[in-house]
Amino acid sequence: MSALVIFGLLLVLMLTGMPISISLGLTVLTFLFTMTNVPIESVALKLFTGIEKFEIMAIPFFILAGNFLTHGGVARRMIAFASAMVGHWHGGLGLAGVMACALFAAVSGSSPATVVAIGSVILPAMVKQGFPRSFGAGVITTSGALGILIPPSIVMVMYAVATNSSVGALFMAGVIPGLMLATLLGAVTWYRAWKNGYPRLPKANIKERLRTFKDASWGLMLIVVVIGGIYSGIFTPTEAAAMSAVYAFFVAVFVYKDMPLRGVPKILLSSASMSAMLLYIITNAVLFSFVLANENIPQHIADWIVGKELGIIAFLLVTNVLLLAAGNFMEPSSIVLIMAPILFPVAMKLGIDPIHFGILIVVNMEVGMCHPPVGLNLYVASGITKMGITELTVAVMPWLLAMLGFLVLITYVPMISIWLPKTLGMM
């Protein structure tokens, strides 16, 4: 009964068009004041202790680093390097877009940031070279989603906070799936370009490749700083986030000099604004989880599913359907913070590895970012390409179908996700 009231109220509030964070907060307060005897002091206490976790500090730092990199000329140099490496293949600039998105994903942690940084540079170049606008939009919208799978990833930090999992193990678990998905999206791009006879770039010589690599190396070094630092134990994922923000500032302002010092306050302000929005969602989601736990709802759902003897295969299928359905009307951070505390206890009872389950959720979020009506990447790409959402949805379809196939593979072959962190002794 409690579960019906809570989820019913949340659904009604969201259908009114109210922001997710406020819907969560109002649902919690309405339920607590009318149907429980929980003292108001505990609600206030939970608001503060909920976001007092050390891991959460990584989010604003990764956002800040991503903003410095987006405006600091890093993306442009990564595109030049990618074009020199793969531009002579079929669909050269499209493949360079996929590769540049994968590289930028490894330093930004955000999908929308990846779409903006790479898309705003490479899309006009693709159209100028003779590619259809829809082809370029499909490449960038879906490849931008790599931003939350290739570490570092803000969504992985959210999952770690919601389930008390290891951020470092999750980051390492995302490496192989991220590279596999980048290769798959590149293969779809190559095939469609080959089939339609899209243009290729002249083959770059060794000298040109070395020059573009040298130009992009300051940005690429951030991958070594973050992943190398976490794996070697020099610093935690949160400290790595702080390091990446300082490093990105140094590269953008003093090395590449594409950002004047007077532009820094604007970046700080926009990063603070985005961080505040995410932290507000986290705060309300923590309250929501508190109410669910207080009413023992996740445990009841877990017992019910285990009692129905669904089994691992059926449960994972149900999980994917639920998450993909949620992706129709919610953005990734909200989905992870609401669904993870509910589904996680069931996954643990069925013996599913928590790290594998985390990667499965992240891949679902990637797919959700690329399909309507609330696909975040679609809206960002729409702003860059000046295409409507319906037109964009048709454009991304070949890549989206490949991503769905990849989701099935990740769901039922856990070794893809857990092999690397296990090998590195992080699990």
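Being a predicted model, the structure only gives us computed values, none of them experimental.

1. Considerations on the overall build of the protein
Counting its regular elements, the protein contains 21 helices and zero strands. The long-range fraction of contacts in the protein, counting pairs at least 24 apart against all pairs at least 6 apart in sequence, stands at 79%. If you sum the accessible surface of the protein, you get close to 17,700 Å²; carbon and sulfur atoms cover 71% of it. Charged side chains of the protein number 21 positive and 14 negative; the gap between the two group centres comes to 19 Å.

2. A few points about the packing of helix H8 (residues 133-143) against helix H19 (residues 376-385)
It is at 10 Å that the axes of H8 and H19 come closest, and there the two elements cross at 140 degrees. Classified by the interaxial angle, the pair formed by H8 and H19 is oblique. Taken as a pair, H8 and H19 cross one another with a handedness that is right-handed. Contact with H8, carried on its side by Arg133, Ala137 and Thr141, involves Asn377, Leu378, Ala381 and Thr385 of H19 and no other residues of that element. Considering only residue class, the contact of H8 with H19 consists of three nonpolar, three polar and one charged.

3. A look at the nonpolar core
In this structure, Ile118, Phe315 and Phe357 are the most contacted members of the largest nonpolar core, which totals 151 residues. Residues in contact with isoleucine 118, not counting those within four places in the same chain, are Ala75, Ile79, Gly97, Ala100, Cys101, Phe104 and Ile140.

4. Here's the deal with the side chain of histidine 356
Counting through the fold element by element, histidine 356 comes out in helix H18 (residues 354-368). For histidine 356, a relative accessible area of 3% corresponds to the buried category. Apart from residues no more than four positions distant in its own chain, histidine 356 is found in contact with Leu316, Ile410, Thr411, Pro414, Ser417 and Ile418.

5. Re the pattern of salt bridges
For side chains bearing opposite charge, pairing can occur when the charged atoms are close. Per the counting criterion, the structure on display carries four salt bridges. One salt bridge in this structure joins aspartate 258 and arginine 77, with 2.7 Å as the shortest N-O distance. Residue aspartate 258 is located in the loop between helix H13 (237-255) and helix H14 (264-294), and its partner arginine 77 is located in helix H5 (residues 74-86); the two are separated by 181 residues in the primary sequence. In this structure aspartate 258 comes out as partly exposed when scored by relative accessible area, which is 30%. Overlapping salt bridges, with partners in common, bring together Arg76, Arg77 and Asp258 in one network.

6. With respect to the packing of aromatic side chains
One pass over the structure, following the stated rule, counts 15 aromatic pairs. Measuring from centroid to centroid gives 5.9 Å for tyrosine 191 and tryptophan 194, while their planes differ by 40 degrees, and the two rings are tilted. With tyrosine 191 and tryptophan 194 both in helix H11 (residues 175-196) and three residues apart, the pair spans about one turn of that helix. For tryptophan 194, a relative accessible area of 45% puts it in the partly exposed group. One aromatic cluster is present, built from ring pairs that chain together Phe68, Trp218, Phe249, Phe250 and Phe254. Lying across the ring of tyrosine 256, arginine 77 places its NZ or CZ 3.8 Å from the centre.

7. Here's the deal with a nonpolar patch on the surface
Taken together, the side chains of Met180, Ile313, Leu317, Val321, Val408, Leu409, Tyr412, Val413, Met415 and Trp419 present a nonpolar region at the surface, about 920 Å² in accessible area. Of all the secondary-structure elements, those providing two or more residues to the nonpolar patch are helix H16 (311-326), helix H20 (389-412) and helix H21 (415-423). Note that leucine 317 resides in helix H16.

8. Let's talk about empty space enclosed by the protein
According to the stated counting rule, one finds one cavity of 30 Å³ or more in the structure shown. Counted as a void, the largest cavity has a volume near 30 Å³. Elements with a contribution of two residues or more to the lining of the largest cavity: helix H17 (332-349) and H18. Grouping the constituent residues of the lining of the largest cavity by class yields seven nonpolar, three polar and one charged.

9. Some remarks on the UniProt feature "domain: TRAP C4-dicarboxylate transport system permease DctM subunit" (unreviewed entry) in the protein
UniProt records the feature "domain: TRAP C4-dicarboxylate transport system permease DctM subunit" (unreviewed entry) at residues 7-415, using the numbering of this structure. The straight-line gap between the two end C-alpha atoms of residues 7-415 is 34 Å; of that span, 78% is helix and 0% is strand.

10. Let's talk about the environment of valine 139
When you line up the elements, valine 139 lands in helix H8. Beyond its immediate sequence surroundings of up to four residues, valine 139 is in contact with Gly94, Val98, Thr189 and Trp399.

11. Describing helix H6 (residues 92-108)
Over its 17 residues, H6 extends 24 Å from the first C-alpha to the last, a length consistent with the 24 Å expected when each residue adds 1.5 Å. Of all 17 residues in H6, 16 are buried; the element is thus mostly enclosed. Positive phi appears at glycine 109, one or two residues downstream of H6, with a value of about 80 degrees.

12. A closer look at the state of the cysteines
Disulfides are covalent bonds that link the sulfur atoms of two cysteine residues. A complete count under the given rule lists zero disulfides for this structure. Cysteine 101 carries a free sulfur, and the closest cysteine sulfur to it, the one in cysteine 370, is 10 Å from it. Residue classification places cysteine 101 among the buried residues on the basis of a relative accessible area of 0%.

13. Observations concerning the packing of helix H4 (residues 58-71) against H6
Pairs of packed helices are described in terms of their axes, by the angle between the two and the distance that separates them. Relative orientation of the contacting elements H4 and H6 amounts to 140 degrees, with a least axis distance of 9 Å. Here H4 lies oblique to H6, going by the angle between them. Two secondary-structure elements touch here, H4 through Phe62, Gly66, Leu69 and Thr70 and H6 through Phe104, Val107 and Ser108. In terms of residue class, the contact of H4 with H6 is built from four nonpolar, three polar and no charged.

Basis of the calculations
- Residues numbered from 1 in each chain as written.
- Predicted model: local features only at pLDDT ≥ 70, side-chain atom pairs only at ≥ 80, totals over all residues.
- Heavy atoms only, no water.
- Helix = DSSP H or I, 4+ residues; strand = E, 2+ residues; numbered from the N terminus.
- Contact = heavy atoms within 4.5 Å.
- Areas by Shrake-Rupley, 256 points an atom, 1.4 Å probe, with all protein chains shown as cover.
- Lys, Arg positive; Asp, Glu negative; His and termini not counted.
- Charge placed at Lys NZ, Arg CZ, Asp CG, Glu CD.
- Axes fitted to C-alpha atoms, helices over the stretch in contact; angles between N-to-C directions.
- Parallel < 35°, antiparallel > 145°, perpendicular 65-115°, else oblique.
- Left-handed = near helix turned anticlockwise from the far one by under 90°.
- Nonpolar A, V, L, I, M, F, W, Y, C, P; charged D, E, K, R; others polar.
- Core = buried A, V, L, I, M, F, W, Y, C linked by side-chain atoms within 4.5 Å.
- Buried < 20%, exposed > 50% of the residue type's maximum accessible area, 1.4 Å probe, protein only.
- Salt bridge = Lys/Arg side-chain N within 4 Å of Asp/Glu carboxyl O.
- Phe/Tyr/Trp six-rings, centres within 6.5 Å; stacked < 30°, edge-to-face > 60°.
- Lys NZ or Arg CZ within 6 Å of the ring centre and 35° of its normal.
- Patch = residues over 30% accessible without salt bridge, like charges linked within 9 Å, V, L, I, M, F, W, Y side chains within 5 Å.
- 1 Å grid on protein atoms, 1.4 Å probe; cavity = no way out; pocket = protein on both sides within 12 Å on 5 of 7 lines; lining within 4 Å.
- Points joined across faces, edges and corners; volume = space filled by probe spheres on them.
- UniProt positions renumbered as here; feature names shortened; annotations may be inferred.
- Expected span 1.5 Å × (residues − 1).
- Disulfide = S-S within 2.5 Å.

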